[in-house]
Amino acid sequence: MQHPIRTTLQLGQLLLSARKHQGLSQAELAARLGLSQARISQLEQQPETITALQLLQLTSVLGLELLVQSRDSTQDAGSTEAEW
């Protein structure tokens, strides 16, 4: 199932939901990531403070995949990095 995220609030809600779906407490997730429970709480409540590395680690531990795609569904799927 895909969950479009366009705001930091949505990101925090998704992280919280995914953690609970996995049956993990904040402390358990923190231990798996080498972070404090307080930091996990902060990431869920204030996700604008997350680093790219932390986001990738969180998605991995929570069984999620980070996918970035164009909102324009008519855009050519064969776009290359050079077009950026």
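Here the structure is a predicted model, which is why all the values come from computation and not from measurement.

The next point concerns the confidence of the model for the protein. Residues at a pLDDT of 70 or more form 86% of the protein, whose mean pLDDT is 88. Within the protein, the element-level pLDDT minimum falls on helix α4 (residues 52–61), averaging 94, and the maximum on helix α2 (residues 26–33), averaging 97.

This part is about the packing of α2 against α4. As a packed pair, α2 and α4 sit with axes 11 Å apart at the nearest point and diverge in direction by 115°. The two elements α2 and α4 meet at a crossing, and its hand is right-handed. Each of Leu29, Arg32 and Leu33 in α2 lies in contact with α4, whose residues at this interface are Gln57, Leu58 and Val61.

For the rest of this paragraph, the subject is the pattern of salt bridges. Counted according to the given criterion, the structure contains 1 salt bridge. Across the salt bridge formed by Arg19 and Glu44, the nearest N and O atoms sit 2.5 Å from each other. One end of the pair, Arg19, is in helix α1 (residues 8–21); the other, Glu44, is in helix α3 (residues 37–45), and 25 residues separate them in sequence. Overall, Arg19 belongs to the buried group, its relative accessible area being 7%. With relative accessibility at 7%, the residue Glu44 sits in the buried group.

A few words on the environment of Gly12. By the secondary structure assignment, Gly12 is in helix α1. Distance in space between the C-alpha atoms of Gly12 and Glu44 is 4.4 Å, their sequence separation being 32 residues. Each residue touching Gly12, except ones within four places of it in the same chain, is listed here: Leu43, Glu44 and Pro47.

Within an α-helix, residues lying three or four positions from one another point in the same direction, as the helix has 3.6 residues per turn. Those residues of α4 that sit buried are Gln54, Leu55, Leu58 and Thr59. One face of α4 carries all of its buried residues, which in axial projection span an arc of 130°. Counted as exposed and oriented over 90 degrees from the buried face of α4: Ala52, Leu53 and Ser60. Those residues of α4 hidden inside the fold are in contact with α1, α2 and α3. Backbone geometry just after α4 places Gly63 at a positive phi near 75°.

Leu15, Leu29, Ile40, Ile50, Leu58 and Leu62 are the most contacted members of the largest nonpolar core, which has 13 residues in total. At the level of elements, α1, α2, α3 and α4 are the ones that each hand at least two residues to this core. When near neighbours in sequence (up to four residues on either side) are disregarded, Ile50 contacts Leu11, Leu15, Arg39, Leu43, Leu55 and Leu58.

Calculation notes
- Residues numbered from 1 in each chain as written.
- Predicted model: local features only at pLDDT ≥ 70, side-chain atom pairs only at ≥ 80, totals over all residues.
- Heavy atoms only, no water.
- pLDDT = per-residue confidence, 0-100.
- Helix = DSSP H or I, 4+ residues; strand = E, 2+ residues; numbered from the N terminus.
- Axes fitted to C-alpha atoms, helices over the stretch in contact; angles between N-to-C directions.
- Left-handed = near helix turned anticlockwise from the far one by under 90°.
- Contact = heavy atoms within 4.5 Å.
- Salt bridge = Lys/Arg side-chain N within 4 Å of Asp/Glu carboxyl O.
- Buried < 20%, exposed > 50% of the residue type's maximum accessible area, 1.4 Å probe, protein only.
- Arc of directions from axis to C-beta.
- Core = buried A, V, L, I, M, F, W, Y, C linked by side-chain atoms within 4.5 Å.

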